[in-house]
Structure formats: C-alpha cells, structure tokens
Amino acid sequence: VERWQAGEEAPPADFGGSPAKNPGDQENCPAAAASDIADMMTAGAAQSAFVEEAKPVFSDDDLAEYITGKAELKEAMRTLGSEAFSTKEQGKLTGLLNQGGTCYLNSLIQTLYMTSDFRSFVYRWHHNPSRHGPKENSIPAQLQSLLARLQLSSAQAASTVPLTASFGWTRAAAFQQHDVSELMRVLFEALHQSTDEFQAVAGLYQGMLDSYIYCEEKPEIRRSKA
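Residues numbered from 1 in each chain as written. Predicted model: local features only at pLDDT ≥ 70, side-chain atom pairs only at ≥ 80, totals over all residues. Heavy atoms only, no water.

A. Summary view of the overall build of the protein. When you go through the protein residue by residue, the secondary structure sums to 11 helices and four strands. Residues counted as buried form 31% of the 226 residues belonging to the protein. Long-range pairs, those at least 24 residues apart, make up 64% of the contacts in the protein between residues at least 6 apart in sequence. Here the protein displays about 14,700 Å² of accessible surface, and carbon together with sulfur accounts for 53% of that area. (Helix = DSSP H or I, 4+ residues; strand = E, 2+ residues; numbered from the N terminus. Buried < 20%, exposed > 50% of the residue type's maximum accessible area, 1.4 Å probe, protein only. Contact = heavy atoms within 4.5 Å. Areas by Shrake-Rupley, 256 points an atom, 1.4 Å probe, with all protein chains shown as cover.)

B. Seen up close, the environment of Ser138. Structurally, Ser138 is set in the loop between helix 7 (129–132) and helix 8 (139–152). Sequence spacing of Ser138 and Ser166 is 28 residues, and the spatial spacing of their C-alpha atoms is 5.8 Å. Leave out the neighbours within four places in its chain, and Ser138 touches Trp125, His127, His132 and Ser166.

C. Focus on the side chain of Thr160. Summarising the element assignment, Thr160 is placed in the loop between strand 2 (157–158) and helix 9 (161–167). Of the residues examined, Thr160 reaches a relative accessible area of 0% and is grouped as buried. One polar contact links Thr160 to Gln99, side chain to side chain, over a distance of 2.8 Å. (Polar contact = N/O pair within 3.5 Å; in protein donor to acceptor, adjacent residues only side chain to side chain.)

D. Looking closely at helix 5 (residues 103–113). Along helix 5, the residues that are buried comprise Tyr104, Leu105, Asn106, Leu108, Ile109, Leu112 and Tyr113. Contacts made by the buried residues of helix 5 are with strand 1 (95–96), helix 6 (116–124), helix 8, helix 9 and helix 10 (180–194).

E. The arrangement of the nonpolar core in detail. Counting 28 residues, the largest nonpolar core has Ile109, Phe118, Leu143, Leu147, Leu163, Leu187 and Phe198 as the members making the most contacts within it. The set of elements that each furnish at least two residues to this core consists of helix 5, helix 6, helix 8, helix 9, helix 10 and helix 11 (198–202). (Core = buried A, V, L, I, M, F, W, Y, C linked by side-chain atoms within 4.5 Å.)

F. Broad picture of the packing of helix 6 against helix 8. Relative to each other, helix 6 and helix 8 sit at 120°, their axes nearing to 9 Å. Judged by the angle between their axes, helix 6 and helix 8 are oblique. The handedness of the crossing between helix 6 and helix 8 is left-handed. Together, Phe118, Arg119, Val122 and Tyr123 of helix 6 and Leu143, Gln144, Leu147, Ala148 and Gln151 of helix 8 make up the contact between the two elements. Grouping the constituent residues of the contact of helix 6 with helix 8 by class yields six nonpolar, two polar and one charged. (Axes fitted to C-alpha atoms, helices over the stretch in contact; angles between N-to-C directions. Parallel < 35°, antiparallel > 145°, perpendicular 65-115°, else oblique. Left-handed = near helix turned anticlockwise from the far one by under 90°. Nonpolar A, V, L, I, M, F, W, Y, C, P; charged D, E, K, R; others polar.)

G. Quick look at the packing of helix 5 against helix 10. Running from amino to carboxyl end, helix 5 crosses helix 10 at an angle of 50°, the nearest separation of the two axes being 10 Å. When the axes of helix 5 and helix 10 are compared, the pair comes out oblique. In this structure, helix 5 crosses over helix 10, and the sense of that crossing is right-handed. Contact residues: Tyr104, Leu105, Leu108, Ile109 and Leu112 in helix 5; Val180, Leu183, Met184, Leu187 and Phe188 in helix 10. Its residues assigned to classes, the contact of helix 5 with helix 10 shows 10 nonpolar, no polar and no charged.

Laid out in structure tokens, this is it:
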C-alpha cells in the first residue's frame, strides 16, 4: 500500500473496485512452479536436462537459515494456522483466520472489505506517526494492512492478530464474544478520529428509523412515536 501511495508501484487494475481475482499469479506461485517441474520430470528422458536446470538448489546458507528460524516458523504455524502458509487456488479469495472466538470480527471485516468505497478510502489513508502513533498501535494502519493482505496475498487466509493487538486486546480477549455493532462503532470512531474525510464513507452505513403506531381498520391513520 505504501508503495502505491508513494507512486513507486502501480496498484492492481481493480484498485478501489472489485477484489483481485487472484494476486498470486501462476508464474509467481512456488507451489505451481514445483508442480510444473514434477510434470516435466514425468514427461520423458528427453526433457531431463531442462528439468535438472529448473530444479531448485538449496545452499548451505539456505539450510542454516532454515535451521535458525525453524522454531519461529513452527510457532507461527501454531498461532496462525497452516492456512496462512498455504497457497490458495486460482480465482479464490483470501479468508480470515479465527483466533478462537472472532467469527463476528471476521464477518465484519469481510463485509467492509467487499464495499469498494470503504476499501478505497482505507487504501488512500496515510499514516502519520506524530498524529496516529506507532503503526502497531494504530487501528487504521492495521486495518489498511489487513485489507491489502486480503486483496494481494496468495495465502488461503490472513491473520487478524495485528488488528486486534491495535485494539489493545490480549490473546485471552480473542476468546471472548463481543457485540459486532459495538466493534463497528469502535472501528469507525478510530477512522473518524484519524481524518475528517471518513464522514462521507461512514454515511454509507447510516440510516433512519421511523417508529409509528397505526390503526388496522384504517391504515391511513398512523401516528409517529416521539
């Protein structure tokens, strides 16, 4: 997102529109590349030389790096789930991991994400450390990062832990049920405090309730409640 905002990289063609069909293109997908190599290996001896060149080679440095980070990788898989490291099928959307009791949060985030005007606003928002504080504690910044992962990630699912951490939640809080309308109010209040421009977007989710009493025998007679 920062590279888009700085003009260093062009945003996806559907930026601000419908979600990306599949940001993990075939040629950039390690799993797809491995599958292609496997197909070539079974195609016959005539292609064996090409296959040998295409096979990945792991150096001693690569192995040492894996051994060093193996414990951290296992912990990440334990907390985030294997879905966060699995490549999604082409044309599929990226989902959200459940932290334990955050299905209401995931539903809200996915609903907001599918609203193109809301998504565009979040992508245009700029983080100002002097005004918004550190990124890890900024709700708008973490929401922006999460929506970008939903659109661009090739993983099957994204984690909401950074977002809930910006709420000030602990791991235990993720197992407690919260009211989804109250959560939406907290998100919108944080966005409104970060910029006055959010009011126009918030209007998309506002309405008016009219409560009244009417006579069944004469429906045309009705009285609005105070």
